[in-house]
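Structure at a glance
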Amino acid sequence: ARVSSFLLKFVLPSIVALHPVKSRPASRILVNTLSLLVRDRPTECVNSLLIPTLLCHPVRDASTREDPSKAQCELVGRLVKTCNVPTIDLSQLVIEAVDMKWTEHSIVV
């Protein structure tokens, strides 16, 4: 529970900051930190970071939603490809991604 809370409160905002207007790739520090977190805590990362990033996360208020940006999709794709995420966690990501709004950027995932 503490890991998920940490991810939601401190790490997810860094991923959300990769919004479409300034769609720059994630920094090396962020990618390296996330890679370590995904390797150590794959279930929490999939549930608290990857799924919320892909499923049109809320912006400022709960009524406004924003599609994932190119940088966010590339980051999620990179983490899934390079970190040995267990099959059970990948299956959860795929199940949730079915409801995702697919765009030209999200195809890389």
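Cut-offs applied
- Residues numbered from 1 in each chain as written.
- Predicted model: local features only at pLDDT ≥ 70, side-chain atom pairs only at ≥ 80, totals over all residues.
- Heavy atoms only, no water.
- Helix = DSSP H or I, 4+ residues; strand = E, 2+ residues; numbered from the N terminus.
- Buried < 20%, exposed > 50% of the residue type's maximum accessible area, 1.4 Å probe, protein only.
- Contact = heavy atoms within 4.5 Å.
- Areas by Shrake-Rupley, 256 points an atom, 1.4 Å probe, with all protein chains shown as cover.
- Core = buried A, V, L, I, M, F, W, Y, C linked by side-chain atoms within 4.5 Å.
- Phe/Tyr/Trp six-rings, centres within 6.5 Å; stacked < 30°, edge-to-face > 60°.
- Polar contact = N/O pair within 3.5 Å; in protein donor to acceptor, adjacent residues only side chain to side chain.
- Axes fitted to C-alpha atoms, helices over the stretch in contact; angles between N-to-C directions.
- Parallel < 35°, antiparallel > 145°, perpendicular 65-115°, else oblique.
- Left-handed = near helix turned anticlockwise from the far one by under 90°.
- Nonpolar A, V, L, I, M, F, W, Y, C, P; charged D, E, K, R; others polar.
- Disulfide = S-S within 2.5 Å.

**Things to note about the overall build of the chain**
If you tally the helices and strands in the chain, you get five helices and two strands. Traced from its N-terminal end to its C-terminal end, the chain shows the element sequence α-α-α-β-β-α-α. Put simply, the chain has 109 residues, and 38% of those count as buried. For the chain, the proportion of contacts with a sequence separation of at least 24, taken over those separated by at least 6, is 70%. Total accessible area on the chain stands at roughly 6,800 Å², and carbon and sulfur atoms take up 57% of it.

**Things to note about the nonpolar core**
Judged by nonpolar contacts, the single largest core of 25 residues is most densely connected at Leu34, Leu49, Leu75 and Leu79. Only helix H1 (2-16), helix H2 (28-40), helix H3 (42-54) and helix H4 (70-82) provide two or more residues apiece to this core. Per-element tally for this core: the top contributor is H3, with six residues. With residues up to four places along the chain from it excluded, the contact list for leucine 75 reads Ile15, Leu18, Ala26, Leu30, Val31 and Leu34.

**Considering the packing of aromatic side chains**
Any aromatic ring pair is given by two values, namely how distant the centres are and how the planes are angled relative to each other. Within the structure shown, the criterion is met by one aromatic pair. When the ring of phenylalanine 6 is compared with that of phenylalanine 10, the centres are 5.6 Å apart and the planes differ by 35°; the resulting orientation is tilted. In this pair, phenylalanine 6 and phenylalanine 10 are both assigned in helix H1, four residues apart and thus about one turn of the helix distant. For phenylalanine 10, a relative accessible area of 59% puts it in the exposed group.

**Examining the side chain of threonine 53**
Along the chain, threonine 53 falls in helix H3. Look at threonine 53 and you get buried, because its relative accessible area is 1%. A polar atom in the side chain of threonine 53 sits 2.6 Å from the backbone oxygen of leucine 49. Every residue in contact with threonine 53, bar those within four places of it in the chain, is listed here: Leu12, Ile15, Pro68, Gln72 and Val76.

**A closer look at the packing of H1 against H2**
In the contact formed by H1 and H2, the axes pass within 11 Å of each other and the chain directions differ by 140°. In this view, H1 runs oblique relative to H2, as classed from their interaxial angle. Here H1 runs over H2; the crossing is left-handed. The segment H1 lies against H2, with Leu7, Val11, Ser14 and Ile15 engaging Leu30, Leu34 and Leu37. Residues that form the contact of H1 with H2 fall into these classes: six nonpolar, one polar and no charged.

**Focus: the state of the cysteines**
By the definition in use, this model includes zero disulfides. Here cysteine 45 stays free of any disulfide, with the sulfur of cysteine 83 as its closest cysteine sulfur at 8.6 Å. Given a relative accessible area of 1%, cysteine 45 falls into the buried group. You can call cysteine 83 buried: its relative accessible area is 2%.

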